[in-house]
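# Inside the fold
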Amino acid sequence: LKARFAILTNGIIYKFYSDFERPNIMDRTPFFEINLLNPKSINYSELEKFSKKEFNVEKISTTARRLKTINTVRSILNQEFSGEEPSEEFTRCIFEKIPNRGSFSSTVKKELPPIIKAAIESIINERIQISLNETLAKYEKKSEELLPPENIEEPTQEEKDAFNIIRAIASEITDPERVKMRDAKSYCAILFDDNNRRPVCRLFFNDIEKKVYSLFRYNS
């Protein structure tokens, strides 16, 4: 029998191998790996391909080759940027794409590597910031949905008393003046910085059964 795939495991970490480098001899490095102690890192769509229902040798082989190439490229890039500066080979590769570059002199060899590293770090930071901004925008949209605009009303004495209690509790961690109240038809909203994107809780005092619905917590 020809085994196209092999799995090496200690019961927690599972490493998947194939014979891409030499036929019928398992490669030394796995093309796929999972850690049961870190379930969030598992690529379940790839893992599902090894299930009995989805198992297809050709499809897995195509995917496995791609994963192995990705892992190899990741390893190369990690080697390039885990140190203080990228290698001369990588530096030369970037240098060759610079317009009006001149010659790859000793001065260029010395000055260009830290510039390349700074540029790459800048790109990474920009991508992280874009991702954070997108996440924040989704959160703000969701917060707005939690607090739909309603006609503002005058709070009752009970709502004022509850608001003062909440303010007193909040004073232990922030300036109580930052905690504000807005009363609406169906509930009374307690907001941080009077911003309905930063709700603290809602008071439902209009019904017979009075409720306080906690939404979020904010650090001062």
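First things first, this report covers the structure right here in the doc. Everything numeric here is computed off the predicted structure, so don't read it as measured data. (Residues numbered from 1 in each chain as written. Predicted model: local features only at pLDDT ≥ 70, side-chain atom pairs only at ≥ 80, totals over all residues. Heavy atoms only, no water.)

Attention shifts here to the sheet that holds strand β6 (residues 195-204). Strand order in the open sheet made by the four strands is β4-β5-β6-β7, with antiparallel pairing throughout. At either end of the open sheet lies a strand with only one pairing partner, and these are β4 (179-183) and β7 (211-214). Taken over all neighbouring pairs, the strand axes of this sheet differ in orientation by 30° on average, direction set aside. Summarising the sheet, β6 and β7 pair through four bridges and their orientation is antiparallel. Along β7, the bridge assignment pairs leucine 203 with valine 212. Contacting β4, β5 (188-192) and β6, helix α5 (residues 157-170) runs over the sheet at an angle of about 160° to β4. (Pairing = 2+ DSSP bridges. Helix = DSSP H or I, 4+ residues; strand = E, 2+ residues; numbered from the N terminus. Axes fitted to C-alpha atoms, helices over the stretch in contact; angles between N-to-C directions. Contact = heavy atoms within 4.5 Å.)

Right, let's get into helix α3 (residues 88-95). If you check which residues of α3 are buried, you get Phe90, Thr91 and Phe95. Along α3, the residues classed as buried sweep out an arc of 140° about the axis, all on the same side. (Buried < 20%, exposed > 50% of the residue type's maximum accessible area, 1.4 Å probe, protein only. Arc of directions from axis to C-beta.)

As a further point, take α5. End to end, α5 covers 20 Å across 14 residues, agreeing with the expected 20 Å (1.5 Å per residue, within 8%). Among all positions of α5, only Glu159, Ala162, Phe163, Ile166, Arg167 and Ala170 are buried. Taken end-on, α5 shows its buried residues confined to a sector of 140°, consistent with a single buried face. Across from the buried face of α5, at angles greater than 90 degrees, the exposed residues are Gln157 and Ile165. Where α5 is buried, its residues contact β4, β5 and β6. (Expected span 1.5 Å × (residues − 1).)

Residues Ile12, Leu36 and Leu37 make up a contiguous nonpolar surface patch of roughly 290 Å² in combined accessible area. Here isoleucine 12 falls in the partly exposed class, since its relative accessible area comes to 34%. (Patch = residues over 30% accessible without salt bridge, like charges linked within 9 Å, V, L, I, M, F, W, Y side chains within 5 Å. Areas by Shrake-Rupley, 256 points an atom, 1.4 Å probe, with all protein chains shown as cover. Salt bridge = Lys/Arg side-chain N within 4 Å of Asp/Glu carboxyl O.)

Let us look at empty space enclosed by the protein. Gaps left between atoms are located by rolling a probe of water-molecule size over the structure's atoms. In the structure shown here, the tally under the stated rule is one cavity of 30 Å³ or more. Approximately 40 Å³ is the volume attributed to the largest cavity. The wall of the largest cavity is formed by Phe31, Phe32, Glu46, Lys49, Phe50, Ile60, Thr63, Ala64 and Leu67. When residues in the lining of the largest cavity are grouped by element, the largest group, four residues, is from helix α2 (residues 57-82). When grouped by side-chain class, the residues that make up the lining of the largest cavity number six nonpolar, one polar and two charged. (1 Å grid on protein atoms, 1.4 Å probe; cavity = no way out; pocket = protein on both sides within 12 Å on 5 of 7 lines; lining within 4 Å. Points joined across faces, edges and corners; volume = space filled by probe spheres on them. Nonpolar A, V, L, I, M, F, W, Y, C, P; charged D, E, K, R; others polar.)

Here we come to the environment of glutamate 80. In this fold, glutamate 80 is placed in helix α2. It is 9.9 Å that separates the C-alpha atoms of glutamate 80 and threonine 91, two residues lying 11 residues apart in sequence. The residues contacting glutamate 80, other than those within four sequence positions of it, are Glu85, Pro86, Ser87 and Phe90.

Moving on: the packing of aromatic side chains. What the rule picks out here adds up to nine aromatic pairs. Each ring, one from phenylalanine 16 and one from phenylalanine 32, has its centre 5.2 Å from the other, and the planes form 50°; the classification is tilted. Here phenylalanine 32 lies in strand β3 (residues 32-35) and phenylalanine 16 lies in strand β2 (residues 13-18), a separation of 16 residues in the sequence. On the accessibility criterion, phenylalanine 16 (4% relative accessible area) is buried. Taking relative accessible area as the criterion, phenylalanine 32 reaches 7% and is therefore assigned buried. Directly above the ring of tyrosine 187 sits arginine 202, whose terminal nitrogen or CZ lies 4.4 Å from the centroid. (Phe/Tyr/Trp six-rings, centres within 6.5 Å; stacked < 30°, edge-to-face > 60°. Lys NZ or Arg CZ within 6 Å of the ring centre and 35° of its normal.)

With five bridges joining them, strand β1 (residues 5-9) and β2 adopt antiparallel strand pairing. Opposite threonine 9, over in β2, you have tyrosine 14 as the bridge partner. One ladder, built from four bridges, connects β2 with β3; its direction is antiparallel. By the bridge assignment for β3, phenylalanine 16 is matched with phenylalanine 32.

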